[in-house]
Structures are given as structure tokens and as C-alpha cells.
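# Coordinates in review
Here are the chains, one letter per residue:
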Amino acid sequence: MGDGIIRHNRKCRDLVFLVIFIAFWVAMIVNSSFGFNQGNPVRLTYGLDYKGNVCGNKHANPDLRELEVRYWLNPNQVYQSGLKSSHFSLADAKSICLMECPIPSEDGLNFICDYPEGDIRLSVDDWIDRDYDYFEFLTPEMRNSSLQLQGPCYPIIFPSVNVYWSCQFIARPSNISLRHWQQMGGVTIEENILIDKTIHRAINSPSAVLKRYVADIGKAWPVLIVCGGILPLFLSVIWLLMIRHFVAGMTWITVILFNALIISVTMFYYTKAGWIGHDAISVVIDESDPYVNISGREINHIRAVAVLMTVVMIITFLSSIAIVRRILIATSVLKVAAKVIGEVQALIVFPILPYSILAIFYMFWFSAALHLFSSGEIIRNDCNANCCSYDLKSNRVNCDSCCGYSIHYTPHIGISILFHLFGCYWATQFIIACSSTVIAGSVASYYWARGEISEIPFLPVFSSMKRLLCYSLGSVALGSLVVSIVEWFRFILESLRRRLKLADTAPVSCMGKMMSSSSQCCLGCIDWTINSVNRNAYIMIAITGKGFCKASAIATGLIMNNILRIGKVNVIGDVILFLGKLCVSLFCALFAFLMLDTHKYKSAHNRISSPLFPVLVCWALGYIVAALFFAVVEMSIDTIILSFCQDAEEHQGTAQCAPPLLMETLDGEGETQRLTQGS
């Protein structure tokens, strides 16, 4: 009976979509190779000097391997770039790369001089040892040019601090240095607060913040490996083993642990937001004046997430109270999966295979993503500005090439990034779908063989894998593509809604808010429905070998005929499994917080701008890994129930192939009677 149901009339299905998926992968490789060829992740962290070199680049001319901090030489150019009526931008203000941000002298006037070249016979190392000051070696012509703020040397009038590898001026000039400058006959230097605000505005622009967030992923890769890969693998296997041997207490443990973890993660966000303790994130890289208070967008984002987590925490606590009386139902449902896992024990270790494939894919994908995000072209700006600076190579003041350099991103780079993001989602859905189909096929073999191991094909997991690879990869590709398209459609609509909200300054009416909320709710329901239909379609693909559309129709028919009966058995179980996945992912997020809170990620080159992005990525990776392993339980329950419904439908309401272990569990809750009731 089992062989007839599982193996009959199978043939390759939905081949067109398998070809599309293969073509998509070829395009992913080509797209990623463009990023590897053109990108340089260092650009995401460090700025450009006036020659177009990336600070910290050892291949630049001169060698900038230890000079990682960008410093703007001419404070008047910084002030001019901040004027609304000015056509001069901060990117065109002359900047060089230093080891650390300079501060004014306490008893005189210090200078910062341009890179040594031409008649200045100093090596870069000697220039650094002299604190970038060779004013005493200048010719009278060079000194006069410097007093006009045209270089090659510029006075240090304003203190500055290292804010994300750029020197943020503090509009609090040194009176002693300024007096010495004036006594030397230097031109007037603007002391307006605009000098401070202009650099602050550039450092905290949305594009600069996004670059820092992406760079944080590259710096925190050990955290991603531990908290996004190894830790969720360990926790998921432990959870499956506990389901197998300690199913009676797992529902209570899951609910209590979930509440404890979400409270802990929320408290960590409160700490980093500065609302608890004194460990708020700081925008300043090195130690600075404690009386200088510089804020950034990162702290605002942390506080917004802290508020969101507070709301989620309250809802979670209230929901946990509401489902306490239903937990016993969940326990009886999980017993079904525990019995199946006990009989088909290979299911516990099988998810390691898709996990390994996903791990390799994500290492490739993250590396390519970092290069794609940094693959803009460094070109000279077209500034049309009236500015002059001393050129040491030609030994004269040059007024022709004072425009700076910027990283320009062409539209095709944006399209490449979006394609890369879509590719990640589709590939993830495809691998999860393949894993779910193999599990469903293994459990279906157990069911249709009447629960007798002797009648199950040798190693049912490998038999199910063989059927998937030989016949159903196209169907799985189609199902994962449908989910991906729906998710991206939601993403695009949400992006458009946000842009329209920002562009429209008029207040939104109550009707408009209601329509917006309703549309989001409808899209969320559609997404949930499609995910549910897909999951059941994969089960019917594994059982019947039909194509995706036909399997979806069969699964939907079974669900519609038994909607209330299936819901009573399965809904609470799904809730507990969802909480279990969140437990794993929240524990990964909590451990990521602890790792990122160490000295390694708070100082020097590995300093991250904010723990927000790495923690969210660890949370997402932890959830994906948990979904792979928890699918063993989830798909076991769904496959048993759907097989039971199909069996009962084919035999006039009486299931013929249900194994005794399943019948005992369902009889214990009185569900057999409800499932086999006729229409």
C-alpha cells in the first residue's frame, strides 16, 4: 500500500521552473563576480582624501596603510560648504588621511601639512613622526600661501574628535592658537557653529549610516558564524532531542523560556539606548572630551527598536497568559511528531545537510553583498568652485583642480543589489522547501507503511531525497518562487508607502490611515495563506509526486474539507513551534549582544557603529536555522494529519493506514472521532 501511494506514476514536474532557477543561479554568479571585481569593502568604513584615495589603503600614493582618519584641512571651506546659497560641497573641501584627529596646541599654533612631495624631502613616516607639521621647512612663497589658507600647511584652530573615522570639528576654537594665527597675518577664519553642523550632517546622512551598518556585518563576521550558525545548530538539535525524550514538559519550557529571552533582549536594547546604566553606544571612536556630546542616527535607531521590543514584550506576556489553558492540547499534538521521530530517527540529523548548504551559500552571499555595496566608481566631482591650493609637485598655487572625489553609484549597481537581495530570499526559500519536502516524504512513507518499519523502504530519508532530486525540484523551485515574489511585492509596496508618507507633508486623514492599515493587514494575510498552502503543497508533492499546482489543489481541497478539524489539532502546535523558533533566534540575538559588548568590537579597527544590524542578522540566521530543524516536527505533524485526511477520504471516512502509535495518541485526545466524522 505504501509503495503504491508513494511511488506510483512519478515523472519530472515543472521542468520550466527548474531551468529558470538554474538560469537565475548563473545570473547570481555573474552579478556577484561584478561585485568582487569592482567593490572594496574598505570604502564602507573609511572616507576619501582630496586625491581620491581611500584612507587606510596601503596601495595608495602615498602609502596610507595606517592613516585611516579623514581630516578636512581648511575650516573656511567646511563653513562654505554648509551655506545654503553655496555651490561648494563638503566632498570638494580639501581632506587628507591621518592616524588620529589633531587638537590645537595649548601654548602656541600647530599646523597640519599636506602629504610631503616635490621639494619637501620628507618620507611619510617622518611626516607622521613630526605630527604632520613641516611648516618650518616652507619657502617664503609657501608660507604666504599657507597664511591665505591655500596650503600646503593649514593651522589647527578647532579641536576635533574621531567620529566614525572622520574628524568632527568642535566649533569651539582655541583662543591661543587663533591669536597666534592672527599675529602671523593669517586670513580670517570663520568660527560659526555651521562648521560643526556641516560635518555632522555629512557623517549622519542616510547613505553614510547605511554604509556603516553594512560594514558592521563585515567586521562582526565571527559573531555571525558563532551566533548565526554554530549556536542555533546546537540549540535546535538539543530542542529536537528534548521533544523526542521529554515532550510532556517542552511546551511549558518553551513558553517560559521565550518570555525570559524577550525580556532579556529588550533590556539589552535599553542598555545600549542609554536608558539603563552607562553603556550607551557612542559615535566617537577614541576617547574624547567628556563635555563634548555628539549624537548620531544609530542611537535613535536603537531607541526605536527598544520601544518596539517593549510593545512586543507586553503583547507576548499577555498572549502567553491567554494560551496557558491550551498548552495541554499542544503537548498531545507534539507527541505525534515525537513518535514519528522515534521511529524514523534519521530525521533528527537530516537537517544538517540543508544547513551545511545554506552555510556555504550565506558565506558566499555575504561576501558578495559587501563587495556589491562598495562597488561604486571613484570619480572627480564637477564642482565649478572658485578655490585654490598649493601644488607641491608644480611648486605653485593651482586653481584649476580643486574639486574633490566621491563614490558614484550608477542605477545598474542599485539593480544588482536588489537582485542579490532577491536571490538570497529565493535561494533560502528553495533550500527550506527542499528540506521540508524530504521530511514530508520520509514521514509519509512511515504513515502509508502503517507504521511498520519493516515495510518502509531502506533509509526512508534517502529514498525521499532521491524522489525529490529525480522528479520534484522544478515544483519546489516554483513554490519557492511564488513565496519570494509575494514577499517582494509586499516589500515594494511598503517602500512606496513610506516614500509617499515622507513626500506628503499634509496630515493623513483617519480614512487614509485606516485604508493603509487595512491594505497592510490584507497583504499579511495573503502572505500567510500562500506560505500555508505552499507547505501543504510540498507535502502532497512528496506523497503523490504531482506538480506544484496540482499538489496545491489537492492539499487545498483536503484542508477545505477538514478545515475545522485540522485547525483544532494543529493551530496550538504551530504556535508552540513558532515560539520555539523565536526562542532559538532570541538566544542567538542575546549571545550576539554579549559578544559585541566585548573590547574587541568597541575599539580600533573592529569597532562597530552599532550592534543593531549584526544582532538583527544573527536573529534572522538563527530563525532560519531553527526553521530547518523545527521543520522536522512541523512537517511531521502536517504530513501525518494530511495523510490521515487523505486516507480517511479514500476509505469512506475510516483511515486504513494510520499506524497504531498515531491512533493511540489521537484517541487519547478524542481527535480520531472528530477527524473521521463524515460531512
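Only a predicted model underlies this, so the values are computations on that prediction, with no experimental measurement involved.

This brings us to the overall build of the protein. Along the backbone of the protein there are 22 helices and 10 strands. Taken across its 679 residues, the protein has 54% of its residues classed as buried. Once local pairs closer than 6 in sequence are excluded, the contacts in the protein between residues at least 24 apart make up 77%. Summed over all atoms, the accessible surface of the protein reaches about 31500 Å², with 62% contributed by carbon and sulfur.

Further remarks concern the packing of aromatic side chains. As enumerated under the stated definition, the model contains 29 aromatic pairs in all. Seen from their ring centres, Phe21 and Phe430 are 4.1 Å apart, and the 25° between their planes marks the pair as stacked. One end of the pair, Phe21, is in helix H2 (residues 15–38); the other, Phe430, is in helix H15 (residues 411–448), with 409 residues separating them in the sequence. Each member of the pair, Phe21 as well as Phe430, is classed as buried. Each ring, one from Tyr50 and one from Tyr115, has its centre 6.2 Å from the other, and the planes form 15°; the classification is stacked. Highlighted residues: Tyr50 in the loop between H2 and strand E1 (69–72) and Tyr115 in the loop between strand E3 (111–113) and helix H4 (124–129), separated in sequence by 65 residues. With respect to burial, Tyr50 and Tyr115 carry one shared label: buried. Here the aromatic residues Phe21, Phe24, Trp25, Phe361, Tyr362, Trp365, Phe366, Phe419, Phe422, Trp426, Phe430 and Trp488 are joined through ring pairs into a cluster of three or more. When the ring centre of Tyr50 is taken as reference, the NZ or CZ atom of Lys94 above it lies at 4.5 Å.

A separate point is the pattern of salt bridges. All chains considered together, the criterion is met by nine salt bridges. Of the charged contacts in the structure, one is a salt bridge between Lys94 and Asp114, with a shortest N-O distance of 3.2 Å. Of this pair, Lys94 sits in the loop between helix H3 (75–81) and strand E2 (95–98) while Asp114 sits in the loop between E3 and H4, placing them 20 residues apart in sequence. Each member of the pair, Lys94 together with Asp114, is buried. In this structure, the salt-bridge partner of Asp597 is Lys272, at a minimum N-O distance of 2.4 Å.

On to the state of the cysteines, then. Tallying each qualifying case throughout the model produces three disulfides. The structure places no disulfide on Cys470, whose sulfur is separated from the nearest cysteine sulfur, that of Cys12, by 7.6 Å.

Helix-helix packing is described using two parameters, namely the angle between the two axes and the distance between the axes. Packing of helix H9 (residues 221–245) against helix H10 (residues 247–273) leaves a shortest axis separation of 6 Å and a crossing angle of 135°. Compared by their axis directions, H9 and H10 come out oblique. In contact with Trp239, Met242, Ile243 and His245 of H9, H10 contributes Val247, Met250, Ile253 and Thr254. Residues belonging to the contact of H9 with H10 are distributed by class as follows: six nonpolar, two polar and no charged.

This part covers the side chain of Ser146. If you trace the backbone, Ser146 turns up in helix H5 (residues 140–147). Using a relative accessible area of 0% as the deciding quantity, one classes Ser146 as buried. Residues within four places of Ser146 in sequence aside, it is in contact with Phe135, Leu138, Gly151, Pro152, Cys153 and Trp181.

Now for the nonpolar core. Within the largest apolar cluster, 125 residues are counted, with the highest numbers of intra-cluster contacts made by Tyr269 and Val633. Here the element with the most residues in this core is helix H20 (residues 612–650); it accounts for 21 residues. Once residues lying within four places of it in the same chain are set aside, the contact partners of Val633 are Trp239, Leu240, Ile243, Leu334, Ala337, Ile341 and Leu577.

To continue, consider the environment of Cys434. If you trace the backbone, Cys434 turns up in helix H15. Since its relative accessible area comes to 12%, Cys434 is described here as buried. Placed 42 residues apart in sequence, Cys434 and Val476 show a C-alpha to C-alpha distance of 6.5 Å. Residues within four places of Cys434 in sequence aside, it is in contact with Leu468, Leu473 and Val476.

When pLDDT is averaged across the protein, the result is 82; 85% of the residues are at 70 or more. In this model, residues 667–679 is a region of pLDDT below 50 whose contacts with residues beyond four sequence positions or in other chains number 19 contacts.

Another aspect to go through is unusual backbone geometry. With an omega of 5°, the peptide bond between Asn61 and Pro62 qualifies as cis. Following the sequence through the fold, Pro62 ends up in the loop between H2 and E1. At Asp14, a position not held by glycine, the phi torsion is positive, near 50°. Within the element layout of this structure, Asp14 appears in the loop between helix H1 (2–7) and H2. According to the relative accessible area criterion, Asp14 is partly exposed, its value standing at 23%. Unusually for a residue other than glycine, Tyr164 sits at a positive phi of about 50°. Following the sequence through the fold, Tyr164 ends up in the loop between strand E5 (160–163) and strand E6 (166–169). Accessibility expressed as a relative area gives 7% for Tyr164, which makes it buried.

Cut-offs used in this document
Residues numbered from 1 in each chain as written. Predicted model: local features only at pLDDT ≥ 70, side-chain atom pairs only at ≥ 80, totals over all residues. Heavy atoms only, no water. Helix = DSSP H or I, 4+ residues; strand = E, 2+ residues; numbered from the N terminus. Buried < 20%, exposed > 50% of the residue type's maximum accessible area, 1.4 Å probe, protein only. Contact = heavy atoms within 4.5 Å. Areas by Shrake-Rupley, 256 points an atom, 1.4 Å probe, with all protein chains shown as cover. Phe/Tyr/Trp six-rings, centres within 6.5 Å; stacked < 30°, edge-to-face > 60°. Lys NZ or Arg CZ within 6 Å of the ring centre and 35° of its normal. Salt bridge = Lys/Arg side-chain N within 4 Å of Asp/Glu carboxyl O. Disulfide = S-S within 2.5 Å. Axes fitted to C-alpha atoms, helices over the stretch in contact; angles between N-to-C directions. Parallel < 35°, antiparallel > 145°, perpendicular 65-115°, else oblique. Nonpolar A, V, L, I, M, F, W, Y, C, P; charged D, E, K, R; others polar. Core = buried A, V, L, I, M, F, W, Y, C linked by side-chain atoms within 4.5 Å. pLDDT = per-residue confidence, 0-100.

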